[in-house]
Amino acid sequence: MRAALAAAASLLLAAAPPHHRAAPGPAGHYRLAGGPDVASEILLRPDGRFRFFLMEGAVDEQAQGRWTREGSRIKLVTLPKPVPPVFSAGPTTKTAETPLKLRVTWPDGRGIATIDLRVGFDKGDPVESYTQEDGWSLDPAEKRAPRWVELGLQMYGIGYARFPVDLAKGNSLTFVLTPNGLGTMEFDDVEVEAQPGALVFRRGGQEGRYVRQPR
């Protein structure tokens, strides 16, 4: 995904309006004024289309679509509208190695790391952790019987999906994440304000300032 975003960034720069044409209004190429661990740019084209990318730690996101202006507000609509990723239950087997083993894969069978997980019991607090590419195992010292598993990917805003655990069928569980539009950003909850020489993004109590780039 990181390579794909790097390519998108190159296309964004290549698509920026030529320097000898003054872009009307807020149309232009903007770069996030952030720290060394984050890179993000957005291109608002004069024809009402936009391109966007963000690379921050393990998060890679991109988008393209249409933009409109209402006063100082910029509305961004990702097109086509991305389909949310989906977790689904895969094969269940039995293992004597651990009370519970989980593995999350892509549809092609490759294991996925950093999937957030919660394991619930009849009593007490759930166990919270995250997967590695080869899976995750419940501590053998845990004597409570697992009743359910929740999987999510919080770094992308993907909430938890719950699956029941039936130990009579097995305790080694496989799940599949179908990515669909994973990594494609929607702007439904993003407020964008046009300011002189900049765009200010506000989302979830955080703010980012994108500075217009000279051409």
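Rules behind the numbers
Residues numbered from 1 in each chain as written. Predicted model: local features only at pLDDT ≥ 70, side-chain atom pairs only at ≥ 80, totals over all residues. Heavy atoms only, no water. Helix = DSSP H or I, 4+ residues; strand = E, 2+ residues; numbered from the N terminus. Contact = heavy atoms within 4.5 Å. Areas by Shrake-Rupley, 256 points an atom, 1.4 Å probe, with all protein chains shown as cover. Core = buried A, V, L, I, M, F, W, Y, C linked by side-chain atoms within 4.5 Å. Buried < 20%, exposed > 50% of the residue type's maximum accessible area, 1.4 Å probe, protein only. Salt bridge = Lys/Arg side-chain N within 4 Å of Asp/Glu carboxyl O. Pairing = 2+ DSSP bridges. Phe/Tyr/Trp six-rings, centres within 6.5 Å; stacked < 30°, edge-to-face > 60°. Lys NZ or Arg CZ within 6 Å of the ring centre and 35° of its normal.

## Quick word on the overall build of the protein chain
- Across its full length, the protein chain carries one helix and 16 strands.
- Residue pairs at least 24 apart in sequence account for 55% of intrachain contacts in the protein chain once pairs closer than 6 positions are excluded.
- Split by element, the accessible area of the protein chain, about 11,900 Å² in all, is 52% carbon and sulfur.

## Re the nonpolar core
- By size, the foremost hydrophobic cluster in this structure holds 24 residues, and its most contacted members are Leu100, Leu102 and Leu151.
- Elements with a contribution of two residues or more to this core: β7 (101-105), β8 (116-121), β11 (146-153), β12 (158-164) and β13 (172-178).
- Beyond its immediate chain neighbours, meaning those up to four positions away, Leu100 contacts Val119, Trp136, Ser137, Leu138, Pro146, Val149, Val165, Asn171 and Leu173.

## Regarding the pattern of salt bridges
- This structure, assessed with the given rule, holds 15 salt bridges.
- Between Arg203 and Asp189 there is a salt bridge, and its shortest N-O distance comes to 3.4 Å. With Arg203 in strand β15 (residues 198-203) and Asp189 in the loop between β13 and β14 (191-195), this pair connects stretches of sequence that are 14 residues apart.
- One network of salt bridges, with partners in common, ties together Arg73, Glu191, Glu193, Arg202 and Glu207.

## Some thoughts on the pairing of β11
- Taking burial as the measure, the eight residues of β11 include seven buried ones, the bulk of the element.
- Pairing analysis gives six bridges linking β8 to β11, with the strands arranged antiparallel. Looking at the pairing, Asp116 lines up with Gly152 of β11.
- Here five bridges tie β11 to β12, and the two strands are oriented antiparallel to one another. Within the sheet, the bridge partner assigned to Leu153 lies in β12 and is Ile158.
- From the end of β11 to the start of β12, which pair antiparallel, there are four residues, and Gly157 there has a positive phi angle of about 75 degrees.

## Quick word on the packing of aromatic side chains
- Enumeration over the complete set of coordinates arrives at five aromatic pairs.
- Arranged with centres 5.6 Å apart and planes meeting at 85 degrees, the rings of Phe50 and Phe187 form a pair that is edge-to-face. You can see Phe50 sitting in strand β3 (residues 49-56) and its partner Phe187 sitting in the loop between β13 and β14, a full 137 residues away along the chain.
- On the basis of relative accessible area, Phe50 is assigned to the buried category, the value being 2%.
- We classify Phe187 as buried; its relative accessible area is 5%.
- Aromatic pair Phe52 and Phe201: ring centres 6.4 Å apart, planes at 15 degrees, arrangement stacked. Placement of the pair is Phe52 in strand β3 and Phe201 in strand β15, with a sequence separation of 149 residues.
- Through successive ring pairs, a cluster of aromatic residues spans Phe50, Phe52, Phe187, Phe201 and Tyr210.
- Against the face of Tyr160 rests Arg118, its NZ or CZ located 3.7 Å from the ring centre.

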